[in-house]
Every structure is written in structure tokens, then in C-alpha cells.
Amino acid sequence: MKLYCLSGHPTLPCNVLKFKSTTIMLDCGLDTTSVLNFLPLPLVHSPRLSKLPSWVCKDGTINLEKELKECAGRVFVDSQPEFCLPERELLDLSTIDVILISNYHCMMALPYITEHTGFTGTVYATEPTLQIGRLLMEELVKFMERVPKAQSATCWKNKEIQRMLPGPLKDAVDVWTWKRSYSMQEVNSALSKVQLVGYSQKVELFGAVQVSPLSSGYSLGSSNWIIQSHHEKVAYVSGSSLLTTHPQPMDQSSLKNSDVLILTGLTQMPTANPDGMLGEFCSNLAMTIRAGGNVLVPCYSSGVIYDLLECLYQFIESANLGTTPFYFISPVANSSLEFSQIFAEIDICHCTVPRKETLIQTNKLKHYPSIHGDFSSEFRQPCVVFTGHPSLRFGDVVHFMELWGKSGLNTIIFTEPDFSYLDALAPYQPLAMKCVYCPIDTRLNFHQVSKLLKEVQPLHVVCPEQYTQPPLTQSHRSDLMLELQPPPMPYRRCSVLNLPFRRRYERVYILPELANSLVPSEIKPGVSMATVSAVLHSKDNKHTLQSVPKPPPVPPSKKRKRVMEEPPVVLAPKPLLSGAVPLEAFLATLQKHGITEVKVEETADGHILHLQADDTLIQLEEDGTHIVCDNNEPLRTTLRDLVLRFLQKL
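Every chain's residues receive numbers from 1 upward, in the order its sequence appears when written. Whole-chain, interface and lining totals are the exception, using all residues; otherwise, since this is a predicted model, local features are given only for residues with pLDDT of at least 70 and side-chain atom pairs are given and counted only at 80 or more. Working from all heavy atoms in the structure, the side-chain values ignore hydrogens and water.

Colleague: Any chance you could break down the overall build of the protein chain for me, citing the residues and the numbers?
Modeller: For the purposes of this entry, the term helix denotes a DSSP run of H or I that reaches at least four residues, the term strand denotes a run of E that reaches at least two, and both are numbered from the N terminus. Broken down by element type, the protein chain carries 16 helices and 33 strands. We compute the radius of gyration over the C-alpha atoms and compare it with the globule rule, which gives 2.2 Å times the number of residues raised to the power 0.38. In terms of C-alpha radius of gyration, the protein chain reaches 35 Å, well past the compact-globule figure of 26 Å for 650 residues. Principal-axis analysis of the C-alpha atoms places the extent of the protein chain at approximately 110 × 60 × 55 Å. Throughout, a residue-residue contact means that at least one pair of heavy atoms, one from each residue, lies within 4.5 Å. Excluding contacts between residues fewer than 6 apart, the proportion of contacts in the protein chain whose partners are at least 24 apart in sequence is 71%. The Shrake-Rupley method, run with a 1.4 Å probe sphere, supplies the accessible areas, and residue values consider only the shown protein chains as cover. Of the accessible surface of the protein chain, which amounts to about 31,900 Å², a share of 52% is contributed by carbon and sulfur atoms. In this tally, Lys and Arg are treated as positive and Asp and Glu as negative; His is ignored, and so are the chain termini. Lysine's charge is taken at NZ, arginine's at CZ, aspartate's at CG and glutamate's at CD. Placing the 59 positive and 65 negative side-chain charges of the protein chain at their respective mean positions leaves the two points 4 Å apart.

If you want it as C-alpha cells, here you go:
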């Protein structure tokens, strides 16, 4: 059993598990942090961005003035943003049988996998994961298509040139594999391969293994997965939460008794309490509005925004913000709010849903597909705007950064944990607006996951190497890492791990007529055994013992058969032996038969008896007995018969 690790991002995983005769991809997360190396895509012409100077190499050896621009001491690529894909050279991705998706954030690379690798398998996901994942992909495509950029920068990716660039471009990984966004046609084709599953539903794969999704408690439709055969069990835990505000609680009991537990998707903010961050978010928002400023909240169209809206509903009236307009701007804003309401009602009603509906009904939360059209005529300030993309590189958020960035009255509040807020702000410097960092990540922290692992007790844990050591900025914090016994098996991008257990057993079925022919012998109280001669029939990974077919009758012949044509005599099989030869009783038996000069030597596997007078050795071991006797057949036969007295014949 092997695990191929195709992503280096612990919360955007992509791994491939080879389990028995199946090849299973576990998630296909898209690492979008690569877009931080690119200039923002403004919806309207930005004089500031267009006047940025080209980057010039100090020694003049590199001329990339059409590709690289400089802003506040940082260098950015002036091209359509590109994404870091899962590794595609480590194994042949066309051999993947199924893809299991744990949540909608971990499926954003799906079109790159299903449409460009020869993939012919099936993708499994819950319905909320599929529908909200579709919205996030659609939003991404529309963000890119609204601001097409004809120019494509590629020269900077040359290895010799890249190593001469300033950081962080110099240190960017696998830049030649970075790709532009997919199209809606590719999205629709990829999602047509998804088969919907419900929690605890068992799906059989080729008769070899069963897979089943479990509620992970993190987001609408989010799942952990159990992958098991009759005798082996693998648990895949990705993006889980123990918070009770989420639709379905995490199913922990089903994770017990796993041979291997693959752990990914822990919180990116282990020292930030989600409730504390929500409180800070609300207080900074109120402070800005009261001072006459605007608040910009870069966010995805699903996920944390639901928690923010829940928090705001409770906060608005008490903070006297009832007249403040709240805007949610996304190409998929309307669908996102509708889906969150529908799925939460199905999924044991998330308490935020009626309140979100109340915000909409009372016109306190208005949603628009973009800044154009109705929004431009209804827009009034001061206000609060929720919009994407959290990277600040594309989407309507770029417009508001250009519009509000010059005033110290305004505030941008970062709540999504996926991006460094300093890197996100870099191409907008110098910036007058205030910046507040309130990352909200409800996934398991190290304390919670350590407690979980003690309860479910897997034999082995596999996790990203980032979880096996403290963060670089807090190297003294041993509580911000996994400390387990045995230690977890770490992986990084492009690792191939041999998982630490072997297939020891296989389930075999026996036909009734063959079972009826068996003659069991009791070998010890309560335990019987029988020998069987049969044909093993294997099909679709199911194995059956069938009776040996009888040979067809030989047709009578008028000619006299020669002796050579007589059918061979089938000898009865030798009886099988079971039991053990007890040393003291065997020595006593030898003495009764006149063999008295016996030297006994203890070995790692049993004992060696040296019959000194006869120059003969008897090796008594747990799984066999060997008699070494040269040129004395009568003695060898006698010793064999004495050994057989202590063994049971089957």
C-alpha cells in the first residue's frame, strides 16, 4: 500500500492512495497562494497600476520590462494570475479509479485533473459539496473572464532567470507547472463526472474496497472518508471541526480501529480563537462605521461569510448600526445564499440561516453580481462590503482597494486564513486605510486533534511534515505540533510513502456443497480443523472455493488399451500435522528407547538435541521438526515415529 503526495499545502491536499487493486485520489485542492506573485486585475482602468515602473536587473543582464513591475520594493508578474497545480509527474493520473472529495475548498483543481490527464473514473462528493464547489469554480472563472489579459508572461519562469530575481519570486516552487484558470466548459465537464453520496453510504469499488463519507462538522456537506476492505481500514480526516454551530457534528466513532489515519486540513491559525476573532471583527467594524469610514471584507462566496453574517445579525442592533448598508458582491452571491439556506435545512438546520434570511428581508444585507448595474445606483456610504477574492488579486475587491485605499477613515478586515495579509496588500502600498487581521478558522487545532487521536487510536498516523514541527516563527511552541507514539509519518510534495502494514488476510467464500463434504477434527477444546481440496475462483476481487470438477468419463474403446494408457493412480494426500513436541516429554521417550546421551542446546527458534553416540541432530522448532541423520535409516525412522506420537494428524 502506497501514498503519493501531490500537494505541499496542508489545508489544500491532494494525495493518491494505492489500496489493494484500486487507485484512489484523496481531494484535489488548488494552491491559490501563487497568485500573490501577480499584479491585481482592476475592473476599471487603474492609473496607479498602469504607471508602475518595470523591474530592471541591477547589472542589466535581464530585460523583463514587459513581464515584471515593481511596487513598494516588491516585484510582481504583470500577467493573468496563475495557480499552482497538484504534482502531475509523480504517477500516471489516467490510472486513477476514483476521486474522493472532502469539502468544497478541496476540489478547486478538479477540472485540471479530470480534463487533462486522461482520467476516466468517478468522483464522489456530497450534494452540498458539489453545488457550493460549482459556485466557487464559477465565481473564479467569471472573475478571470471579466478582465482578460492578452499578455502572458513566461520568460521569468526560466530557471536561470528566476534564480536571479528578488524574493519571493526567486523562491516560488514549480513555476513551469502553474496554469491559468480553467473555463466554464471544463468546469461543467469535470462536475458531470461527480456521483453524489450521503453520509455513511457505502460505495463498493470493484469488489476490492468500500468507501464511505462521514460528517466532519466543518462546513456544509464536508466529509471525512473511511476506506476499508474486509481486513484493513484507512481513515482520511480532512478539514474537520468540533464546533457545535455547524450543521452536522463530526462523526468520531466511525474513525476507530483504523490501521492508518491520514490527517490533513488542521487549522491554519492554531493560536487564534474563532470566537475572539469574531468579536474583534465586530468591534473594528463598528469603530470604523461610527467614524464615518467604510469597511471592506475580502471573502469567498461561501464558508466564513456565513459565520460573519450570523455574528453581525446579533451585533447590528446592539451597536446602533441598524441604518448601515451591508453589501455582498459576487457573481454567485444569490445562489450562494439560497444554497446555504436549502442545505442547512436539510442538514439539521444551521442556526444562521433564518437570520441571514432576515438580513435580506429587512434590506440590511443586499447582494449583487458585480459593482456594475443596480449596485452603482443603490450604493451609499459609509457601508460594509463583502466581496472576493481574498487574495486581492482579482474580483470586485480590487476596485474597492483602489477606491478606498487612500483614506485613513476606511478599514479592510481580513477574515480568511488562506493568504498572508501583508503579501495580499503589497501591490497596493503605500496604503492609508487601516488594516485589521481577524483570521477565522474553525478547523481542528493541535490540542483537539491530539485528544481525538487518543480516542480513536489508529495504529499509524500519516500527516504533512508541517504538523511534525513547530512553526518557524514560533519554534519554542512544542504544543503547536503533533507529538504521538509511534511518531507520525510525515510527507511533503512529491513524497511516496510505503504505508506501514501488509495485507495479511483475504476473505474467501466456500460453496455449500463443498462445505458439506468437510470432515472437521478437533485439535483442542472448542477448535476444529479440516483439510480441503478445491479450486480457487477469483473474479472482481471476490474469491470462492469450489469443488474440484470430476474428470469426464473415458469413452469405451474396442481396441485393447496399452499399459501406458491406463490412468495414473491418484495417491491419497499425506495427512497434515498439528501441535508441538514438548521437550521434557520427548527426552523421556528417547530415554525409554535407549537413547540417553542427549545434549540440549536452546536457540532463538526452539531447541537442538544432539544425540552424541549416534552423531545425530534433532531440531525442535515452533513450525517444524528436522532430523539430521547420516547413513542410519533405521534410527531416522525410529526418531520420526517418536516425534509423530506427539502430533495430531488431520
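Colleague: Kindly report on the pattern of salt bridges, identifying the contributing residues and their values.
Modeller: The term salt bridge refers to a side-chain nitrogen of Lys or Arg lying within 4 Å of a carboxyl oxygen of Asp or Glu. Applying the stated criterion across every chain, the model contains 15 salt bridges. We note a salt bridge from R443 to D441, for which the minimum N-O separation is 2.9 Å. For R443, a relative accessible area of 8% corresponds to the buried category. Connected through shared salt-bridge partners, E87, D174 and R493 make up one network. Type-normalised accessible area, obtained with a 1.4 Å probe on protein chains alone, sets the label of each residue: buried when under 20%, exposed when over 50%, and partly exposed for intermediate values.

Colleague: Hey, could you go over the environment of K524 for me, with residue numbers and the actual values?
Modeller: In this structure, K524 sits in strand β24 (residues 521–524). Judged by relative accessible area, K524 falls into the exposed class, the value being 51%. Along the chain, K524 and G579 lie 55 residues apart, while their C-alpha atoms are 9.4 Å from each other.

Colleague: Break down the sheet that holds strand β21 (residues 489–491) for me, with residues and values.
Modeller: Pairing between strands is defined by DSSP: at least two bridges between the two strands are required. Pairing within the open sheet is mixed, and its seven strands lie in the order β9-β10-β11-β12-β13-β20-β21. Each end of this open sheet is capped by a strand with a single partner; those strands are β9 (203–205) and β21. The average undirected angle you get between the axes of adjacent strands in this sheet is 20°. Bridge count for β9 against strand β10 (residues 209–215) is three bridges, and the pairing is antiparallel. In the strand pairing of β10, V203 is matched with V211. Note on geometry: axes are lines fitted to C-alpha atoms, helical ones only across the stretch in contact, with angles between N-to-C directions running from 0 to 180 degrees.

Colleague: Lay out the packing of helix α15 (residues 583–592) against helix α16 (residues 633–644) with the relevant residues and their values.
Modeller: Two elements in contact, α15 and α16, have axes separated by 11 Å at closest approach and are oriented at 140°. Relative to α16, the element α15 lies oblique. The handedness of the crossing between α15 and α16 comes out as right-handed. Across the interface between the two elements, F586, T589 and L590 from α15 touch L639, L642 and V643 from α16. Throughout this entry, Asp, Glu, Lys and Arg are counted as charged residues, while Ala, Val, Leu, Ile, Met, Phe, Trp, Tyr, Cys and Pro are counted as nonpolar. The remaining residues, Gly among them, count as polar. Residue composition of the contact of α15 with α16, by class: five nonpolar, one polar and no charged. Roughly parallel means an angle under 35 degrees; roughly antiparallel, over 145; roughly perpendicular, 65 to 115; everything else is oblique. Note on convention: the crossing is left-handed when the near helix lies turned anticlockwise from the far helix by less than a right angle, right-handed when the turn is clockwise.

Colleague: Which residues make up the layout of surface pockets, and what values do they have?
Modeller: Taken as a whole, the largest pocket spans an internal volume of roughly 1,700 Å³. Residue classes in the lining of the largest pocket are distributed as 23 nonpolar, 16 polar and eight charged. Quantified by volume, the second largest pocket comes out at close to 380 Å³. The way it works is a 1 Å grid over only the protein atoms, where trapped points that fit a 1.4 Å probe form a cavity and open points with protein on both sides within 12 Å along at least five of seven lines form a pocket, and then any residue with an atom within 4 Å of a point lines it. Grid points are joined across faces, edges and corners, and a volume is the space filled by probe spheres set on the points.

Colleague: Describe unusual backbone geometry, and please don't skip the residues or the numbers.
Modeller: In this structure, the amide linkage connecting G167 to the following residue, P168, adopts the cis form with an omega of 0°. For the bond running from G388 to H389, omega is 15°, close enough to zero to count as cis. Among the structural elements, H389 can be located in the loop between β17 (384–387) and α11 (397–404). A positive phi is found at N320, a non-glycine position, where the angle reads about 55°. When you line up the elements, N320 lands in the loop between α7 (304–316) and β15 (326–329).

Colleague: Describe helix α13 (residues 446–456), naming the residues involved and giving the relevant values.
Modeller: Taken residue by residue, α13 has F446, V449, L452, L453 and V456 as its buried positions. All buried residues of α13 project into a common sector of 120° when viewed along the axis, lining one side. Exposed side of α13, more than 90 degrees from the buried face: H447, K451 and K454 are the residues found there. On its buried face, α13 sits against β13 (260–264) and β20 (460–464). To obtain the arc, one takes the directions from the helix axis to the C-beta atoms.

Colleague: Which residues make up the environment of G221, and what values go with them?
Modeller: Along the polypeptide, G221 turns up in the loop between β10 and β11 (223–228). On the basis of relative accessible area, G221 is assigned to the buried category, the value being 2%.

Colleague: Could you give me a rundown of the nonpolar core, with the residues and numbers involved?
Modeller: Nonpolar side chains in soluble globular proteins generally cluster together in the buried interior. Within this scheme, the nonpolar core is defined by two criteria: the residues are buried Ala, Val, Leu, Ile, Met, Phe, Trp, Tyr or Cys, and they are joined through side-chain atoms within 4.5 Å. Counting 100 residues, the largest nonpolar core has M25, I99, L110, L285 and F386 as its most contacted members. Sorting elements by how many residues they give to this core places α7 first, with nine residues. Not counting residues within four places of it along the chain, the set of residues in contact with I99 comprises M25, C28, L110, I113, T114, F119, T122, V123 and Y124. Formed by 26 residues, the second largest nonpolar core is a distinct cluster that contains V98, W225, Y236 and V260.

Colleague: With reference to specific residues and values, describe the packing of aromatic side chains.
Modeller: The geometry of two aromatic rings is summed up by the distance between their centres and the angle between their planes. In this analysis, rings of Phe, Tyr and Trp, with Trp reduced to its six-membered ring, are considered paired at centre separations within 6.5 Å, and the interplanar angle assigns stacked below 30 degrees, edge-to-face beyond 60, and tilted for intermediate values. By the definition in use, this model includes 18 aromatic pairs. Seen from their ring centres, F414 and Y421 are 6.0 Å apart, and the 50° between their planes marks the pair as tilted. Here the aromatic residues Y327, Y368, F375, F379, F400 and W404 are joined through ring pairs into a cluster of three or more.

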